[in-house]
Amino acid sequence: MAPRTAAQPSRATRRRCWWHLRQRWKMLVVMLGVFEINPEHKFYNLTAMIKEGINTSIQTSMDTPETLTAEHFKAEETQSHEGFEMQTFAPQVFAKLRHSLNITEEEYMNSLCSDGDYLQFVSNSKSKADFFITNDKRFFLKTQNRREVRFLLSNLQAYMDHLEKYPHSLMKYFIVMQSVFYPDERINIRFDIKGCELGRWTNPDTGGKQIIKVLKDNNFEGQHIGLGRQKSWFVNQVKVDVGFLRQLNVLDYSLLLAHQPLHQDEIDGKHSMINSLAIETETDSELQKFHEHHRRLLPNCKNAIHVIDGPERRYFVGIIDIFTVYGWKQRWENLWKSLRYPGRAFSTVNPVKYSNRFCQWIQNHTQ
């Protein structure tokens, strides 16, 4: 969904404005990392339009059909507001996706359209995308270019089919996405993993400032993802999701990863649930059938689809940035980096090599 103003400046003017705003954001993030988009902020009016437009759009998609048709995937709706228009693509398809995540339309609207100001988050990522965060930190809104939007819509049917077969996929979010790191009150370290080493280090020193830094592959050296009995499901689900992306000729995606220690009450609750399940099923055959349907036992917490509990830690995981197709630009970058960095592992490689290396990293670093 993207608001369109009635009178638009030229493309060159918009690009200059974007560039100047991004330079200001980079200066602000050094001091703040995450900051409030209050009435004095340049983007306050934009976020106000987003809230108004989303509010109207959600109300038109409240009645989710039981079965989606080809027309639902092609649907485009335009709502006119004072001073701008909001264009929405496949609204009932995305409503059904939210329903599969147990997110009601009321919850979605209350979070995205609340009176609380959005937050601006600028990470140390090389991505040119910009992020807004809802005031309750539950949802991210990510800017996408036209090519990425077209790619998303052209593969939306395949994506929904994948989620129907694998309901606990690690890719369950899109342009407005449920935050992988929600709730984040106890998270103090975050990683962005691509499975390669060139350019994959971030200086973790914040200089004493309240900055959220997302670390990378080389920062994770010597650590592991300790999942215990959950390892096999996690490794297999990553292979399935990555296999789907490989079929779409996609590369350069990441595993978002964060963790926090489990509290004793969470450990006790997990053991109680496992014992209860064992009593009810009496044998492992029912649990095996559960796994055969590509499901797992979800923890009793918020955002459970992106949470996996190991013996000692709670992990927040999700696969993101799934819009980069291996085209001529990526092929030339691959050739240049192969000559510039012979023998080094960099991110711009063909999707088969990327997916194999990515899965191997997960396998090697999960216990």
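A brief report on the enclosed structure follows. A quick note: this is a predicted structure, and the numbers were derived from the prediction, not measured.

### Concerning the pattern of salt bridges
Reasoning step 1: Counted according to the given criterion, the structure contains 11 salt bridges.
Reasoning step 2: Where Asp321 meets Lys142, a salt bridge forms, and the shortest distance between an N and an O atom there is 2.5 Å. Remark: Lys142 occurs in strand S7 (residues 139-142) and Asp321 occurs in the loop between strand S13 (313-320) and helix H11 (328-340); sequence separation between them is 179 residues.
Reasoning step 3: For Asp321, a relative accessible area of 22% translates into the label partly exposed.
Reasoning step 4: Ionic pairing is found between Arg200 and Asp192, a salt bridge with its closest N-O pair at 2.9 Å. There is no split in this pair, since Arg200 and Asp192 are both buried.
Reasoning step 5: A network of salt bridges, in which partner residues are shared, links Lys137, Asp184 and Arg190.

### Observations regarding the packing of helix H2 (residues 44-60) against helix H5 (residues 105-112)
Reasoning step 1: Contact geometry for H2 and H5: axes closest at 10 Å, N-to-C directions at 170°. Between H2 and H5, the interaxial angle falls into the category roughly antiparallel. Here Lys51, Ile54, Asn55, Ile58 and Gln59 of H2 lie close against H5, whose contacting residues are Glu105, Tyr108, Met109 and Leu112.
Reasoning step 2: Its residues assigned to classes, the contact of H2 with H5 shows five nonpolar, two polar and two charged.

### Overview of the pairing of S13
Every other side chain in a regular strand lies on the same face of the sheet, so the side chains alternate between the two faces.
Reasoning step 1: Taking burial as the measure, the eight residues of S13 include seven buried ones, the bulk of the element.
Reasoning step 2: Here eight bridges tie strand S11 (residues 254-261) to S13, and the two strands are oriented antiparallel to one another. Considered in S13, the bridge of Ala258 is made with Phe316.
Reasoning step 3: Relative to S13, strand S12 (residues 307-309) runs antiparallel, the two sharing three bridges.

### Description of the pairing of S7
Reasoning step 1: Neither face of S7 is left uncovered, since the one carrying Phe139 and Leu141 and the one carrying Phe140 and Lys142 both have all their residues buried.
Reasoning step 2: The sheet contact formed by strand S6 (residues 131-133) and S7 spans three bridges and is antiparallel. Residue pairing across strands places Ile133 opposite Phe140, the latter belonging to S7.
Reasoning step 3: Count of turn residues in the S6/S7 antiparallel hairpin: five residues, of which Lys137 carries a positive phi of about 65°.
Reasoning step 4: Bridge count between S7 and strand S8 (residues 176-178): three bridges; the pairing is antiparallel. Counted as the bridge partner of Leu141 is Val176 from S8.

### Observations concerning the sheet that holds S7
Reasoning step 1: Sheet architecture is open: five strands sit in the order S2-S5-S6-S7-S8, paired in antiparallel fashion. Of all strands in the sheet, those with a lone pairing partner are strand S2 (34-36) and S8, marking the two edges. With strand direction ignored, the average angle separating the axes of adjacent strands in the sheet is 30°.
Reasoning step 2: Of the strands in this sheet, S7 and S8 are in contact with H5, which crosses S7 at around 65°.

Rules used throughout
Residues numbered from 1 in each chain as written. Predicted model: local features only at pLDDT ≥ 70, side-chain atom pairs only at ≥ 80, totals over all residues. Heavy atoms only, no water. Salt bridge = Lys/Arg side-chain N within 4 Å of Asp/Glu carboxyl O. Helix = DSSP H or I, 4+ residues; strand = E, 2+ residues; numbered from the N terminus. Buried < 20%, exposed > 50% of the residue type's maximum accessible area, 1.4 Å probe, protein only. Axes fitted to C-alpha atoms, helices over the stretch in contact; angles between N-to-C directions. Parallel < 35°, antiparallel > 145°, perpendicular 65-115°, else oblique. Contact = heavy atoms within 4.5 Å. Nonpolar A, V, L, I, M, F, W, Y, C, P; charged D, E, K, R; others polar. Pairing = 2+ DSSP bridges.

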